[in-house]
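# Observations on the three-dimensional arrangement
Residue-level listing of the chains:
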Amino acid sequence: MKGLINFTVHNRKVAVVLAVIIMISGVISYSSLPRQENPDVTSPSAMITTIYPGASAEEVESLITKKIENEISIIEGIENIESISSGNVSIVIVTINYSVDKDEQWSNLSKIIDSISDELPQGAYPPEIDTENLVETAGLIITLSGEEYSYDKLSYFAENIKNDLLRIEGIKKVNIDGNLEKQVYVEMNLDSLDKTNLSVEDIYNLLLIQNTNIPSGSLDTSSGKISVNIPGTFENIHDIENLVIHISNNFGITRLKDIAHIYMGYEENAKKFKTNNNPAVLITGYFKDDQNIVEIGEQVEYVLNKKLSELPATLEAEKLVYQPDEVKNSINKFIVNLLEGILFVIITVFIGMGYKNAAIVSTAIPFSIFLTFTAMRYLEIDLHQISIAALIIALGILVDNSIVVTDAIQVKLDEDVDPVRASIDGAIDTSGPVFSSTLTTVAAFAPLIALPGEAGEFAKSLPIVVIIALTASYISAMLLVPALTCIFKGKAKMILPKKNRTKKLFSTMLQFGLKHSVLTIVSIFSFFVVSIGIGLYFLPVEIFPYADKDYLYIDVSNEKKGDKDSTEKLIDDISRILDDEENIAGYTSSIGGYLPKFYLTVATGANSDHTGQLIVFLDDSKLIDKTSYADYLEKMLVDTLIGSRIEVKQPAISSPGADIEISMYDNDKKSLYSKAEDALREINSLESIKSTWSNIPKSVYQYNLEIDEDIASLMGLTKYDIQRQVNIALNGTDTSKLLTQNDEYDIYLESDIDSLGSLENLKIKSSFTGNKILLKQVSKVNLKSLIPIIHRYNRYPAVTINCDVKDYYNTQDAQVQIEELMNKTIDDTNILIDYGGEKETVTKYLGGIAEAALYALAAIYVILLIQFKSSRQSLIILLTVPLSVIGSLTGLYLFQQPFSFTAGLGLASLIGIVVNNAILLLEHINSEIKKGISIRNACESSLNRRFRPIMLSTITTVMGLLPLALSGSSFFTPMAVTLMSGLIVSTFFTLIVIPTMFNSIFNRTSK
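Basis of the calculations
Residues numbered from 1 in each chain as written. Predicted model: local features only at pLDDT ≥ 70, side-chain atom pairs only at ≥ 80, totals over all residues. Heavy atoms only, no water. Helix = DSSP H or I, 4+ residues; strand = E, 2+ residues; numbered from the N terminus. Buried < 20%, exposed > 50% of the residue type's maximum accessible area, 1.4 Å probe, protein only. Contact = heavy atoms within 4.5 Å. Areas by Shrake-Rupley, 256 points an atom, 1.4 Å probe, with all protein chains shown as cover. Lys, Arg positive; Asp, Glu negative; His and termini not counted. Charge placed at Lys NZ, Arg CZ, Asp CG, Glu CD. 1 Å grid on protein atoms, 1.4 Å probe; cavity = no way out; pocket = protein on both sides within 12 Å on 5 of 7 lines; lining within 4 Å. Points joined across faces, edges and corners; volume = space filled by probe spheres on them. Nonpolar A, V, L, I, M, F, W, Y, C, P; charged D, E, K, R; others polar. Polar contact = N/O pair within 3.5 Å; in protein donor to acceptor, adjacent residues only side chain to side chain. Pairing = 2+ DSSP bridges. Axes fitted to C-alpha atoms, helices over the stretch in contact; angles between N-to-C directions. Domains from an automatic or database assignment. Patch = residues over 30% accessible without salt bridge, like charges linked within 9 Å, V, L, I, M, F, W, Y side chains within 5 Å. Salt bridge = Lys/Arg side-chain N within 4 Å of Asp/Glu carboxyl O. Parallel < 35°, antiparallel > 145°, perpendicular 65-115°, else oblique.

## Thoughts on the overall build of the protein chain
Within the protein chain, the regular secondary structure consists of 32 helices and 30 strands. In terms of its C-alpha atoms, the protein chain occupies a principal-axis envelope of roughly 130 × 85 × 55 Å. Going through the 1007 residues of the protein chain one by one, you find that 53% of them count as buried. Taking contacts inside the protein chain between residues at least 6 apart in sequence as the whole, the part at least 24 apart equals 80%. Of the roughly 45500 Å² of accessible surface on the protein chain, 53% is carried by carbon and sulfur atoms. Taken together, the 84 basic and 120 acidic charged side chains of the protein chain have centroids lying 12 Å from each other.

See below:
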């Protein structure tokens, strides 16, 4: 470092030119950095969906789900495997951890699923793997709606807009959600069909073989080959109606329309959407990765405005989600905070150091920030609220090193040393402590890169960007500041006089501390204990705050499984209630599934008839507490619409969940469900529990047809004849397609069976004799109970019980009660239990932060040990850490901020920041002792000599964080308050406690 300092000072013009080039590069990098609201956090989950028509939940579990679970369990890095087996459908969700290459594992998953497809039962559709819809968040969702428009018309308008959007570079894909597909329904009248000798399967086969197109070939002629074409496919619905299905002497020609009602209609099971209770379709767009969403958004805005101006005025178009605006507003807000912080820091430096030194020190800010932008570009770190917040956090620290170096150079200049010599000597003298302080701060942030889970991935860029900025500030302090000092050579006296009231007050307190060391140390220890008490008993714990959005969302689960009409009625009832709420500006609902993923942590899943979701926009002109309003809205909906599950939620930084989540699993389903019911009753009796919800399946009834195989065989019926024809009659099936000039439509065959009597009178045709026999002649109907849905967790049947705790009750105390209750309930069984919720989240994430803090402390201790070569001095410096805890916890309490994940990050980060002041003090004390000055005098001198740089460093860091603290961000305000209050209190105590401890230990030793 000495050589580099000498080189830059003697070649200072070259150094300045290089600095300018670096800043120009930073400007270019800033303009080209991809912009987004939040970091990309791709939850590594894949969903495998398999359709098995006609199968019960237990059959799906046995024949599909278990087979898939067992085969995919060999994938590396599996965190858990969850599955749902219901009638006709198997859904398996596999989640892997962040330590493995997800692309490689998804490739392995695809190969495994391909290899077992042939092993699945006949009639099961090939499994479909989805690795995107669970995690891919829409970049824009535009709703088109109108009371007077059909879904067809709305889809037509949407397709026109979609085509133009796809031409924009940066748009990955655009979907039209709610585009209800039409199909041709052939609804057989079984009474009419029985007048013929045809079965439902015969009709199926006729529709298949009479709607085919086989190449006929060509004829050789004198003029060459001429192809031969035999039209064989249906061209319109009339071709289907007039299909000849039977000819007899008595009745003549029977056409399909004689025994069936044939019509065009929407798919019955398709998911549909409504906006403010009017039919709606959604234009859902996704941006390509690593793009400047703001710039792309300008092109999207132009296309939307142009296309919408061409559409009818009565058509309503609304932005449900529009990331370009959200990203622009979010980044602009944080950039303003950054600029305000820069301004505050520069003003502070000018007040404290005089214009010349302040100008030199302030160059560290643009130099470090633009060098950081350049590094972010090559490290592929996007510009978003996390990376910008990292710059704000680092802002005040950036000038610390430059202040120390400039202060040392100024002392030399005050002693009439030549400016070149003063610049070199001042930089070299402080190179050790500056390097150590930079290294200790880096050591505090580095372990935070490896924090666990989605939140760790979400915040990962924060410590990386801070480390880059600190490295840049070190380069600036060591190389650029000395060079600039020579350019602006000459004395530049500090504006602050050497003797001032503040310093005098601290000096008096230090004298008291040196004289009454035991009392001082006991007092500090008492403050520490009190602050811990405040943290444990008075600070609310809110690990992941809610996102600052102007909407709520409602998840709906209808108690009537498989009844989509009932689900639609439930959603309509919710909509009518919302219409009467003056705080609600509008809403969009999904029926038969979820909305497209509109926020990164909002859970989605497979479509099902009993599920729905609404996004509810709040009137931003009315100031309401969103959390309280969500609670009010949920209580009103649940009390009004009894029976179904309705949850009103706010988008959060992490996936929202219940206060306490209990997962029970065991191979013995009967015992599992029975014990879960017992546990649920006991939990509901607890005073601390506000509400509970469970997925314990409720038995439903099924008609069980017992076939008399002897009679069936005598009549020529096979099991295939019976099962196949009953399946077509009850479930319906796609046969072939109607191809028109503009589109193609599935032809769906179904029957008019609507009762048990109709089923019993279904005539089954023998594939051997051709005779038709009534189903009731070969079967007997029994009523049987069965489980409609089976949840599994890690290859075991599972049950989940979610509990919310009443206000003013401690969640962790309530969980202790529940755990004791659960242990009694499952005694003498093989049931296993996992717990989730607030307690486990605290353990996982705050435990991860605590572990990172321990690693940071260990690394910092080693660094200090290397520098000071004294274990006792290193431990004295580490005493600043509990001093910062006093300030942080007290600050959070006074400013009414919760102890959150980001507050924990701030507390861990402080470890590397607060030790820097102690390093400066001890470095000076040791220097003075080497000159022969007494320990006590050296301790007193450290305050006088280091007061100015320590106070300036602290004030600049606090001022840099001030805009973030005042931003009102639920995510960053607790972090800023933690850092500011911890640093202020730590600095106050450090100036007194560290010299006092040093004097107490080493004076006693020397005696």
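Structure's up, so let's keep going.
## Some points on empty space enclosed by the protein
One pass over the structure, following the stated rule, counts two cavities of 30 Å³ or more. Here the largest cavity defines a volume of roughly 190 Å³. If you trace the largest cavity, you find 18 residues lining it, with Asp-400, Ser-437, Ile-913, Asn-916 and Ser-953 closest to the centre. Across the lining of the largest cavity, the residue classes break down as seven nonpolar, ten polar and one charged.

## Concerning the side chain of Thr-990
Within the secondary structure, Thr-990 sits in helix H32 (residues 973-1006). Polar contacts involving the side chain of Thr-990 include one to the main-chain carbonyl oxygen of Ser-986, which spans 2.5 Å. Among all residues touching Thr-990, those that are not within four sequence positions of it are Thr-880, Leu-883, Asn-917, Ala-918, Leu-921 and Pro-995.

## Remarks on the sheet that holds strand E12 (residues 260-266)
The strand order across the open sheet formed by four strands is E12-E7-E24-E23, and the pairing between neighbours is mixed. Single-partner strands in this sheet number two, and they are E12 and strand E23 (733-739). Here the average twist between neighbouring strands, direction ignored, is 30 degrees. Strands in contact with helix H24 (residues 719-731) are strand E7 (182-188), E23 and strand E24 (744-751); relative to E24, the strand with the most contacts, it is inclined by about 110 degrees.

## Points about the domain arrangement of the protein chain
Here the protein chain is partitioned into domain 1 (1-29 + 354-496), domain 2 (45-130), domain 3 (500-538 + 870-1006), domain 4 (551-649) and domain 5 (660-699 + 798-841). The gap between the C-alpha centroids of domain 1 and domain 5 is 54 Å.

## Digging into a nonpolar patch on the surface
Where nonpolar side chains cluster on the molecular surface, the patch consists of Ile-532, Leu-536, Tyr-537, Phe-538, Tyr-893, Leu-894 and Phe-895 and spans about 850 Å² of accessible area. At the level of secondary structure, the elements contributing two or more residues to the nonpolar patch comprise helix H19 (517-537) and helix H29 (880-894). Here the nonpolar patch gets three residues from one element, more than from any other, and that element is H19. Position of Phe-895 among the secondary structure elements: in the loop between H29 and helix H30 (901-930). Classification of Phe-895 as exposed rests on a relative accessible area of 55%.

## Regarding the packing of helix H12 (residues 355-362) against helix H13 (residues 364-378)
Axes are the key here: two packed helices are described by the angle between their axes and the distance separating the axes. In the contact formed by H12 and H13, the axes pass within 5 Å of each other and the chain directions differ by 5 degrees. By the angle between their axes, H12 is roughly parallel relative to H13. Residues Ile-360, Val-361 and Ser-362 of H12 touch H13, and the partners they reach there are Ala-364, Ile-365 and Pro-366. Residues belonging to the contact of H12 with H13 are distributed by class as follows: five nonpolar, one polar and no charged.

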